[in-house]
Amino acid sequence: VRNPSFSSSSSTSTTTAPSNYVLVLDAGSSGTRIYAYTWKPAPGVTSKVSAAIKGADREAENDAANNSSLQQQQQQQLLLLPTVTAIPATAAPDQIPRRAMPNRRAYHRVETEPGLDKFLGDIQGIDHTALGPLLTWADAVVPPSYRSTTPVFMFGTAGIRKLPLDEQEQLLTAARHALARSGFMFKPSWARTLSGVDEGVYGWIAVNYMAGTLNLS
């Protein structure tokens, strides 16, 4: 299992182990892609607040709420953006699906084809052809000790949005079963169809985060 040093334009490389991992699958019209990220709380966020964010220390969060000055300080700290780093597809090159190899694609991403909507009624295809290779790549870039605490989200975009609601739910149900068996942290509500408006909002946030233009003041 690889645990390389990651780098991206949105954060500074560091030799220390990343604090958290997260996986996002985009089920689009031409294929399904997986994106992996590491993230760290902003430097000003205390360990107690970080634990509250992750839901690991509810008691500490309640104690802080009883102290108004500490609570105010922590609320200010929570406004600080985390450092997010994209894990490149080449972090596990031998696990990239063959059709998504760099010499076959304009984009260097981990992707399976065709789109998830083409697997309607094919549970085995969803499990083994559409999602399986992506999760295998994720296994290679997320260290074993982090997998059970690494959330995986799946958003159906254009390819799934065009389907009737009952067919969307069939696909999502099959995908949820596959993701629940992946070994990563997963909840059924984390796999859903993304509206066009939501997709646009997430894109706006991502672009502004990378440009450093998000203003929380």
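Parameters at a glance
- Residues numbered from 1 in each chain as written.
- Predicted model: local features only at pLDDT ≥ 70, side-chain atom pairs only at ≥ 80, totals over all residues.
- Heavy atoms only, no water.
- Helix = DSSP H or I, 4+ residues; strand = E, 2+ residues; numbered from the N terminus.
- Buried < 20%, exposed > 50% of the residue type's maximum accessible area, 1.4 Å probe, protein only.
- Areas by Shrake-Rupley, 256 points an atom, 1.4 Å probe, with all protein chains shown as cover.
- Phe/Tyr/Trp six-rings, centres within 6.5 Å; stacked < 30°, edge-to-face > 60°.
- Pairing = 2+ DSSP bridges.
- Core = buried A, V, L, I, M, F, W, Y, C linked by side-chain atoms within 4.5 Å.
- Contact = heavy atoms within 4.5 Å.
- Expected span 1.5 Å × (residues − 1).
- Bend = angle between axes of the 7 residues up to and from the residue.
- Patch = residues over 30% accessible without salt bridge, like charges linked within 9 Å, V, L, I, M, F, W, Y side chains within 5 Å.
- Salt bridge = Lys/Arg side-chain N within 4 Å of Asp/Glu carboxyl O.

## Comments concerning the overall build of the protein
Then, number 1: Looking only at helices and strands, the protein has eight helices and six strands in total.
Then, number 2: Going from N to C terminus, the protein has its helices and strands arranged as β-β-α-α-α-β-β-α-α-β-α-α-β-α.
Then, number 3: For the protein, the residues scored as buried account for 39% of the 217 residues in total.
Then, number 4: Here the protein displays about 12000 Å² of accessible surface, and carbon together with sulfur accounts for 54% of that area.

## Some points on the packing of aromatic side chains
Then, number 1: According to the stated counting rule, one finds four aromatic pairs in the structure shown.
Then, number 2: Measuring from centroid to centroid gives 4.8 Å for phenylalanine 153 and tryptophan 190, while their planes differ by 40°, and the two rings are tilted. Of the two residues, phenylalanine 153 sits in strand 5 (residues 152–156) while tryptophan 190 sits in the loop between helix 7 (165–180) and strand 6 (191–193), which places them 37 residues apart along the sequence.
Then, number 3: Given the relative accessible area of 23%, phenylalanine 153 is considered partly exposed.
Then, number 4: We classify tryptophan 190 as buried; its relative accessible area is 16%.

## Concerning the environment of leucine 194
Then, number 1: Structurally, the position occupied by leucine 194 is in the loop between strand 6 and helix 8 (196–211).
Then, number 2: What makes leucine 194 buried here is its relative accessible area of 5%.
Then, number 3: Separated by 40 residues in the primary sequence, leucine 194 and methionine 154 place their C-alpha atoms 9.2 Å from one another.

## Some thoughts on the pairing of strand 2 (residues 32–40)
Then, number 1: Bridging between strand 1 (residues 20–27) and strand 2 involves eight bridges; their strand directions are antiparallel. Bridge pairing in strand 2 links leucine 23 to alanine 36.
Then, number 2: Hairpin connection of strand 1 to strand 2: four residues between the antiparallel strands.
Then, number 3: Looking at chain direction, strand 2 and strand 4 (residues 110–112) are connected through three bridges and run antiparallel. Bridge pairing in strand 4 links arginine 33 to glutamate 111.

## Digging into the nonpolar core
Then, number 1: Among the nonpolar cores identified, the biggest contains 38 residues, and Leu25, Leu131, Trp137, Val141, Met154 and Leu179 are the most heavily contacted of them.
Then, number 2: By residue number, the principal contributor to this core is helix 4 (residues 123–141), which donates nine residues.
Then, number 3: Setting aside anything within four residues of it in sequence, one finds leucine 25 in contact with Thr32, Arg33, Ile34, Leu131, Leu134, Val152, Phe153, Met154, Phe155 and Leu179.

## Concerning helix 4
Then, number 1: Over its 19 residues, helix 4 runs 26 Å from end to end, which matches the ideal 27 Å to within 8%, given 1.5 Å per residue.
Then, number 2: At leucine 131, helix 4 shows its maximal bend, which comes to roughly 55°, and the proline proline 133 appears one to four places after that position.
Then, number 3: Those residues of helix 4 lying buried are Gly125, Ile126, Asp127, Ala130, Leu131, Gly132, Leu134, Leu135, Trp137, Ala138, Ala140 and Val141.
Then, number 4: Elements in contact with the buried residues of helix 4: strand 1, strand 2, strand 3 (83–87), strand 4, strand 5 and helix 7.

## Observations concerning unusual backbone geometry
Then, number 1: Going from glutamate 113 to proline 114, the amide bond is cis rather than trans, its omega being -5°.
Then, number 2: One can find proline 114 in the loop between strand 4 and helix 4.

## Here we look at a nonpolar patch on the surface
Then, number 1: A cluster of nonpolar side chains, contributed by Val197, Val201, Tyr202, Trp204 and Ile205, occupies part of the molecular surface with about 520 Å² of accessible area.
Then, number 2: Summarising the element assignment, tryptophan 204 is placed in helix 8.

## Quick word on the pattern of salt bridges
Then, number 1: Summed over the entire model, instances satisfying the criterion amount to ten salt bridges.
Then, number 2: Note that arginine 33 and aspartate 26 form a salt bridge whose closest N and O atoms lie 3.4 Å from each other.
Then, number 3: Taking the shortest distance from any N to any O, the salt bridge between lysine 118 and aspartate 117 comes out at 3.1 Å.
Then, number 4: Judged by relative accessible area, which is 9%, aspartate 117 ranks as buried.
Then, number 5: Three or more residues joined by partner-sharing salt bridges are found here, namely Asp26, Arg33, Arg109 and Glu111.

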